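Overview (structure and organization)
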Amino acid sequence: MSHSGVLAGLYAGNFAVEISTNNTTWTAVSNANVKIDDVELNRPSGEAFVGGSSDYATITVGKREPVEITLTFLYNEDTNSAANTIFDQFQSTSPRLGVRWSPRGLVSQARAYATSNDGGTTTGLGVITNVTLSALDPNDADPYVAMVTVRTPSLRRYTLGNSPTDLS
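To keep things clear, this report deals only with the structure shown in the data block. (Residues numbered from 1 in each chain as written. Predicted model: local features only at pLDDT ≥ 70, side-chain atom pairs only at ≥ 80, totals over all residues. Heavy atoms only, no water.)

**As for the overall build of the chain**
A tally of helices and strands in the chain yields one helix and eleven strands. Put simply, the chain runs from its N terminus to its C terminus through helices and strands in the order β-β-β-β-β-β-α-β-β-β-β-β. Taking 2.2 N^0.38 as the reference for a compact globule, 168 residues should give roughly 15 Å; the C-alpha atoms of the chain span a radius of gyration of 20 Å, well beyond that estimate. Considered along the principal axes of its C-alpha atoms, the chain spans approximately 65 × 45 × 40 Å. Here the chain holds 168 residues, and 30% of them are scored as buried. Relative to all contacts within the chain whose residues are 6 or more apart in sequence, the contacts with residues 24 or more apart total 66%. Accessible surface, the chain as shown: approximately 10900 Å² in total, 49% of it carbon and sulfur. Charge separation in the chain, taken as the distance between the mean sites of 11 positive and 16 negative side-chain charges, equals 13 Å. (Helix = DSSP H or I, 4+ residues; strand = E, 2+ residues; numbered from the N terminus. Rg over C-alpha atoms; globule rule 2.2 N^0.38 Å. Buried < 20%, exposed > 50% of the residue type's maximum accessible area, 1.4 Å probe, protein only. Contact = heavy atoms within 4.5 Å. Areas by Shrake-Rupley, 256 points an atom, 1.4 Å probe, with all protein chains shown as cover. Lys, Arg positive; Asp, Glu negative; His and termini not counted. Charge placed at Lys NZ, Arg CZ, Asp CG, Glu CD.)

Right, dumping it as structure tokens:
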């Protein structure tokens with residue numbers, strides 16, 4: 001029996017990720033062997049048990065919580081590497097970073113996401129709240145990585161055009 005509306009799983013191995021320090025010039029970092037951790041969208045809620053005929057709580061919804069995006073990438077000391085760009089930006093007086101990504105990569109009409117400061121209307125810069133350099137352990141066979149966490153008021157969700165060459 002056929003089921004309409006059942007989607008095939010998505011292999012995210014061909015994703016695309018770009019970062020920006022000024023929201024104008026975007027640099028592809030997918031080739032830096034980057035990984036984006038789970039991104040959670042949350043709203044606080046409240047509840048009250050009130051009198052009357054209802055046997056259920058009354059639930060209210062609060063404002064959207066800020067979104068945190070954590071990128072993990074292979075450490076590299078090249079001049080324009082993601083590690084150097086992010087560390088320098090974190091050390092600056094304006095530790096802001098834009099992140100945009102598409103789980104399907106640079107594919108026509110693919111969905112993409114980006115940091116946003118205006119409820120998702122446009123792309124904007126988030127604040128770098130954490131940079132972590134992994135432990136140096138000679139017993140560990142894992143590659144050396146760096147992580148950055150960017151906190152943004154909201155996410156922009158949009159669709160790429162036909163034959164995209166970047167995530168704009």
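There's plenty left to go through after this.
**Examining the nonpolar core**
Judged by nonpolar contacts, the single largest core of 19 residues is most densely connected at Ile69, Leu71, Phe73, Leu97, Val99 and Val148. Elements represented by at least two residues in this core include exactly β1 (16-20), β6 (67-74), α1 (82-91), β7 (96-102) and β10 (145-152). When residues of this core are assigned to their parent elements, the largest contribution, four residues, is made by β6. In this structure Leu97 touches Ile19, Ser20, Thr21, Ile86, Thr115, Leu125, Gly126, Ile128 and Val150, once residues within four positions along its chain are discounted. (Core = buried A, V, L, I, M, F, W, Y, C linked by side-chain atoms within 4.5 Å.)

**Things to note about the environment of Glu77**
Looking at the secondary structure, you find Glu77 in the loop between β6 and α1. Each C-alpha atom of the pair Glu77 and Arg111 lies 32 Å from the other, and the pair is 34 residues apart in sequence. Within the structure, Glu77 has its side chain in polar contact with the side chain of Tyr75 (distance 2.8 Å). (Polar contact = N/O pair within 3.5 Å; in protein donor to acceptor, adjacent residues only side chain to side chain.)

**A word on the environment of Ser94**
By the secondary structure assignment, Ser94 is in the loop between α1 and β7. Measuring from C-alpha to C-alpha, the distance between Ser94 and Thr60 comes to 36 Å, with 34 residues separating the pair along the chain.

**Let's talk about the pattern of salt bridges**
It is possible for side chains of opposite charge to pair when their charged atoms get near one another. For the coordinates displayed, the defined rule picks out three salt bridges. The closest approach of N and O atoms between Asp37 and Lys35, which form a salt bridge, is 3.3 Å. Residue classification places Asp37 among the partly exposed residues on the basis of a relative accessible area of 28%. Between Arg151 and Glu68 there is a salt bridge, with the nearest N and O atoms lying 2.9 Å from each other. Within this pair, whereas Arg151 is found in strand β10, its partner Glu68 is found in strand β6, the two being separated by 83 residues in sequence. Given the relative accessible area of 36%, Arg151 is considered partly exposed. (Salt bridge = Lys/Arg side-chain N within 4 Å of Asp/Glu carboxyl O.)

**Quick word on the pairing of β1**
Across the five residues of β1, five count as buried, placing the element largely inside the fold. Neither face of β1 is exposed, since Ala16, Glu18 and Ser20 on one face and Val17 and Ile19 on the opposite face are all buried. As paired elements, β1 and β7 share five bridges and run antiparallel to each other. Opposite Val17, over in β7, you have Trp101 as the bridge partner. With antiparallel pairing between neighbouring strands as the criterion, β1 and strand β2 (residues 27-28) make up a hairpin whose turn holds six residues, including Asn23 at a positive phi of roughly 65 degrees. (Pairing = 2+ DSSP bridges.)

Note that every value here comes from positions in space, so none of it alone points to a role or purpose.
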